[in-house]
Amino acid sequence: MIIQEIFNAIMKYERQIYLNQDIDNYANGYYDRTLGLTFGKLNLKIPKVRYGNKFYPSLLPEKWKRVDKAKIKQTLKKLNLPYREEDMEDLLDLVYQHLQAYKNNVLPEEVFAVFIDAYHAKMRDENEKMTNISIYLAVAIDMEGYRQIIGYWIKKGKENKSFWIEVFQDMISRGLKKVAVFVSDDFNGLTDVVQFFPYSDHQLCWTHMKRNLRRKFNKKEYSLLNKYLIFEKESLTKDEALGHWENFLKELLTLNPSLAKQYEKKTDNYLAFIGYPEKIRKHIYTSNIVESVNAGLEMMRLELGGYFHSMRTLEINLFIQLSNLNDKWMRKPIAAFRANLYEMRQILNVKFGLENLFD
């Protein structure tokens, strides 16, 4: 667990700082303890010193009581340790070493699906002014059916296509080569960016589509449109699904011709999920997986008072949130994917077998 490694590394460094001040003392091994947090338990190795009992790592709560995530995050944010400023900066550098390693780690060459989205918030910048930020996220389902966050990128300003290009270039430079399907909302320009992976499908999120329809139409009109979408999701074949989609477009044409034409142009993107095994379709026609990460970031923002106080605060808090979510996800695969591993492998082989013909 990444956060566990950070705690152990910081406590070891704290002991070294303590011994630098108590030159007649010595390191004396470790003892094991478990610290309960709201997101799980950490198995920690607590550093000991040979003489006296004055050394106690400042990151730890008193009496080993159960503490919530907000307290741990605030401790890491401020690192309110009883040492000199340069010592605290060294400890922050230690956290950032782990953070940078996490951000730059080598990605698997192939994954089955990648879900991408951007979370929007405000941050106080280096000039003490409030500024918009976008956190770009990528969550993968690997070839064994496990979810994992494969990257996050923070950029000042609003979401834009040019930075999505940088995100894709970074994923490629870190080793990602083969993806069966990308799933995203219909942000302007994303379809072009996904073409960095020309043999991958691009599924547009149905949750976002339905939200858009609810905003534009009254309850009766939406219900009529949604009827065809329900039929489509329950379709057994692509031809059957296409028939229901065409009925949906005809109905939409009578209500909003312009919107109907927009959806018609993106038929392949909205219907991509139909080409996959029935049991996993419900997992890939929306970007709900990555939106669940956004929900956690929103809770974190509210805990911090409605905005992020600095880039450093944001990075540390985001790192903790995502690394622990990764740890949780990697304990158990998604059952539907686990039951279709052979089919997943065949889909990837077919898609990228085509690529090999042109090598």
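Calculation notes
- Residues numbered from 1 in each chain as written.
- Predicted model: local features only at pLDDT ≥ 70, side-chain atom pairs only at ≥ 80, totals over all residues.
- Heavy atoms only, no water.
- Helix = DSSP H or I, 4+ residues; strand = E, 2+ residues; numbered from the N terminus.
- Expected span 1.5 Å × (residues − 1).
- Buried < 20%, exposed > 50% of the residue type's maximum accessible area, 1.4 Å probe, protein only.
- Arc of directions from axis to C-beta.
- Contact = heavy atoms within 4.5 Å.
- Core = buried A, V, L, I, M, F, W, Y, C linked by side-chain atoms within 4.5 Å.
- Axes fitted to C-alpha atoms, helices over the stretch in contact; angles between N-to-C directions.
- Parallel < 35°, antiparallel > 145°, perpendicular 65-115°, else oblique.
- Left-handed = near helix turned anticlockwise from the far one by under 90°.
- Nonpolar A, V, L, I, M, F, W, Y, C, P; charged D, E, K, R; others polar.
- Pairing = 2+ DSSP bridges.

Regarding helix 4 (residues 161-173)
Helix length check: helix 4 (13 residues) gives 18 Å between terminal C-alpha atoms against 18 Å at 1.5 Å per residue, within 8%. Residues of helix 4 that are buried: Phe163, Trp164, Val167, Phe168 and Met171. The buried residues of helix 4 all sit within an arc of 150° when viewed along its axis, so they share a single face. If you follow the buried residues of helix 4, they end up packed against strand 3 (110-124), strand 4 (130-141), strand 5 (147-156), strand 6 (178-184) and helix 5 (190-194). Just past helix 4, the residue Gly175 takes up positive phi, approximately 120°.

Observations regarding the nonpolar core
With 67 residues, the main nonpolar core has Phe112, Leu213, Phe248 and Tyr263 as its most contacted residues. Tyr263 has contacts with Met209, Asn212, Leu213, Trp245, Phe248, Leu249, Leu252 and Tyr270, leaving out every residue within four places of it along the chain. Of all hydrophobic cores here, the second largest spans 22 residues; its members include Val111, Trp153, Leu176 and Phe197.

Here's the deal with the packing of helix 6 (residues 206-216) against helix 7 (residues 219-233)
Where helix 6 contacts helix 7, the axes come no closer than 10 Å and their chain directions differ by 165°. With respect to helix 7, the axis of helix 6 lies roughly antiparallel. In this structure, helix 6 meets helix 7 at a crossing whose hand is right-handed. For the pair helix 6 and helix 7, contact is made by Trp206, Met209, Lys210, Leu213 and Arg214 and by Tyr222, Leu225, Asn226, Leu229, Glu232 and Lys233, respectively. Here the contact of helix 6 with helix 7 is composed, by residue class, of 6 nonpolar, 1 polar and 4 charged.

Points about the sheet that holds strand 4
With respect to topology, 5 strands assemble into an open sheet ordered 5-4-3-6-7, the strand pairing being mixed. Here the strands that pair on one side only, and so sit at the sheet edges, are strand 5 and strand 7 (201-204). Neighbour to neighbour, the strand axes of the sheet diverge by 25° on average, direction disregarded. Examined bridge by bridge, strand 3 and strand 6 share 5 bridges and lie parallel to one another. The partner of Glu110 across the bridge, within strand 6, is Lys178. Where helix 4 meets the sheet, it contacts strand 3, strand 4, strand 5 and strand 6, and its direction lies at approximately 140° from that of strand 5.

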